[in-house]
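# Observations on the model geometry
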Amino acid sequence: MQGSAQQSDTGGLPPSSSGRRLALHGSILTLLGYGGAQLLRLGSNLVLARLLFPDAFGLMALVAVFMQGLQMFTDIGLGPSIIHNKRGHEPAFLHTAYTLQVLRGFLLWGMCWVLAPMVAGFFATTDPQAESLITLLPVAALTAVIGGFNSMGIYLLNRNMSLGIFTALELLPQLAASVVMILWAFWFPSVWALVVGGLASSLVRLMLSHVWNPGPPDRFGWNQDCLRDLFHFGKWIFLSTLVAFLAQHLDRILLGKLLTLAELGVYSIAMTFARVPIHVSGRLSSTVIFPLLARLQDNPKALVAACLRARQQVLWISGAVCLGFALAAPLFFGVLYDERYHDAGGISQWLALYVWSHVLMSSMDRIPLALGQPKKLFQTGLLTTIAMLLALPGYTYFGLPGFILGMSMANLLAHGYLVMGLPEGRADMLRQGLIFTLG
């Protein structure tokens, strides 16, 4: 009975047959959904770039960095815990996780009210317009309160690899955000269009998460055993996401002091499109690769072999997108954007180096989580954050291209450290990364 139950929970998938079909099916659905979301984002961005000034995108970049920082600083890994833990489908486990998520949302909102004046004062020394962050941040932080009430069904859909509905949960909120932002910017052209769009996206996602919840209805609950499991796995998720935030967003924090808001806005738009391969690899890693690897957590050799097979698809897709956009970026921004944003084309070409170095790492960083070793992910993120300081001397001597090269080196160092920590297949993983990089 126990073996049967475990087989049902994991799907009983041999990694070379059903697992491969699931990976392919999941990859196709994920890419279709992500492609649709990117088309929506591209269309709305083109319209908004004509309705708003670069300063608005610079302000929103600072808001996004601050909000993502708070989100990651308080992340205790509820989603990965539900996917990884064998009790993740039980009502007591889900209700305890739901309670923690709601409490976390209100905590984030309160922290925004307290920290907003300090954040505004810090960036206002470079550009006085940053003073408006005092009001922008608390309103934008309402997304954390709304998101706190999202159904645990989102994680169950990912756990069960019900990726059709999971993809719709990503696509429809993006559609709502695009419509609201464009309409608001048309009638009231200001940075508030971007903030209100984020709130609309959160509300639609909240509603749909409960409509499509495949598990028990969400309730408040408190179970000590479940709480212990959540914190045992989540403490390293918390630390790893903390350093991951610094590694991923330290560029905008540092450049927020080195550049004007208009220059930061142009850089942010360039990064938004240059990061498409990062989002592709990250989405495939979290929604396809991680659930599959979690089923093989008791067999490290098979787990690494499965990751190598799945990673090959991720590197093909991400590499093609990365190279294509790097070549087309100057024409893309030159034709579709007005002269205020033309510099984003050259910036995007340099960013292609950073993006590829990030893809190499993110396409395999689910292995430690699947093996129940989130501490390794924290150590990797810490190394990346420290190595990111290489970007500062790069900026001093070579300007923005030197800054981007420094960020790329940080990712490559972290990738090497992550590979060396694998229980199996180190040479195969390095060889795969090298072949695709040369290609």
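Thresholds, definitions, all that
- Residues numbered from 1 in each chain as written.
- Predicted model: local features only at pLDDT ≥ 70, side-chain atom pairs only at ≥ 80, totals over all residues.
- Heavy atoms only, no water.
- Helix = DSSP H or I, 4+ residues; strand = E, 2+ residues; numbered from the N terminus.
- Buried < 20%, exposed > 50% of the residue type's maximum accessible area, 1.4 Å probe, protein only.
- Contact = heavy atoms within 4.5 Å.
- Areas by Shrake-Rupley, 256 points an atom, 1.4 Å probe, with all protein chains shown as cover.
- Salt bridge = Lys/Arg side-chain N within 4 Å of Asp/Glu carboxyl O.
- Axes fitted to C-alpha atoms, helices over the stretch in contact; angles between N-to-C directions.
- Parallel < 35°, antiparallel > 145°, perpendicular 65-115°, else oblique.
- Nonpolar A, V, L, I, M, F, W, Y, C, P; charged D, E, K, R; others polar.
- Patch = residues over 30% accessible without salt bridge, like charges linked within 9 Å, V, L, I, M, F, W, Y side chains within 5 Å.
- Core = buried A, V, L, I, M, F, W, Y, C linked by side-chain atoms within 4.5 Å.
- Left-handed = near helix turned anticlockwise from the far one by under 90°.
- pLDDT = per-residue confidence, 0-100.

## Observations regarding the overall build of the protein chain
From N to C terminus, the protein chain includes 19 helices and zero strands. Counting all 439 residues of the protein chain, 53% fall into the buried class. The contacts of the protein chain with a sequence gap of at least 6 include a subset with a gap of at least 24, amounting to 83%. When the accessible surface of the protein chain is summed, it comes to about 18,600 Å², and 69% of that surface belongs to carbon and sulfur atoms.

## Some words on the side chain of histidine 95
Mapped onto the fold, histidine 95 is located in helix H5 (residues 91–124). A relative accessible area of 16% means that histidine 95 is categorised as buried. Setting aside residues no more than four positions away along its own chain, histidine 95 makes contact with Pro217, Asp218, Arg219, Phe220 and Gly221.

## Structural notes on the pattern of salt bridges
Tallying each qualifying case throughout the model produces five salt bridges. Linking aspartate 338 and arginine 340 is a salt bridge whose minimum nitrogen-to-oxygen distance equals 2.8 Å. For aspartate 338, a relative accessible area of 21% corresponds to the partly exposed category.

## Quick word on the packing of helix H18 (residues 391–420) against helix H19 (residues 426–438)
Contact pair H18 / H19: the axes reach a minimum separation of 9 Å and the direction vectors enclose 150 degrees. The angle between H18 and H19 falls in the class roughly antiparallel. Here H18 contributes His415, Val419 and Met420 to the contact with H19, which in turn contributes Arg426, Met429 and Leu430. Counted by class, the contact of H18 with H19 contains four nonpolar, one polar and one charged residues.

## Let's talk about a nonpolar patch on the surface
A cluster of nonpolar side chains, contributed by Leu172, Leu175, Val179, Leu183, Trp184, Phe186, Trp187 and Phe188, occupies part of the molecular surface with about 840 Å² of accessible area. If you trace the backbone, valine 179 turns up in helix H9 (residues 163–187). Residue classification places valine 179 among the partly exposed residues on the basis of a relative accessible area of 43%.

## Looking at the nonpolar core
With 71 residues, the main nonpolar core has Leu133, Tyr267, Tyr337, Leu351 and Met407 as its most contacted residues. Ignoring anything within four residues of it in the chain, the contact list for tyrosine 267 reads Asp251, Arg252, Leu255, Ile347, Leu351, Leu400 and Met407. In terms of nonpolar packing, the next biggest core, distinct from the first, is built from 29 residues, Leu292, Leu296, Leu303 and Leu308 among them.

## Points about the packing of helix H17 (residues 374–387) against H18
Between H17 and H18, whose axes approach to 8 Å, the crossing angle comes to 155 degrees. What the angle tells us is that H17 and H18 run roughly antiparallel. The interaxial crossing formed by H17 with H18 has right-handed handedness. Contacts between H17 and H18 involve Lys376, Gln379, Thr380, Leu383, Thr384 and Ala387 from the first element and Gly406, Ala410, Asn411, Leu413, Ala414, Tyr417 and Leu418 from the second.

## Here we look at the confidence of the model for the protein chain
Of all residues in the protein chain, 87% attain a pLDDT of 70 or more, and the chain-wide mean is 81. Confidence scores differ between elements of the protein chain, with helix H1 (residues 2–10) showing the lowest mean pLDDT of 39 and helix H10 (residues 192–211) the highest of 92. Taken as a whole, residues 1–17 scores under 50 in pLDDT and shows 17 contacts with residues more than four places along the chain or in a different chain.

## Examining the environment of glycine 198
Following the sequence through the fold, glycine 198 ends up in helix H10. As for glycine 198 and leucine 142, which are separated by 56 residues in sequence, their C-alpha atoms are 9.4 Å apart.

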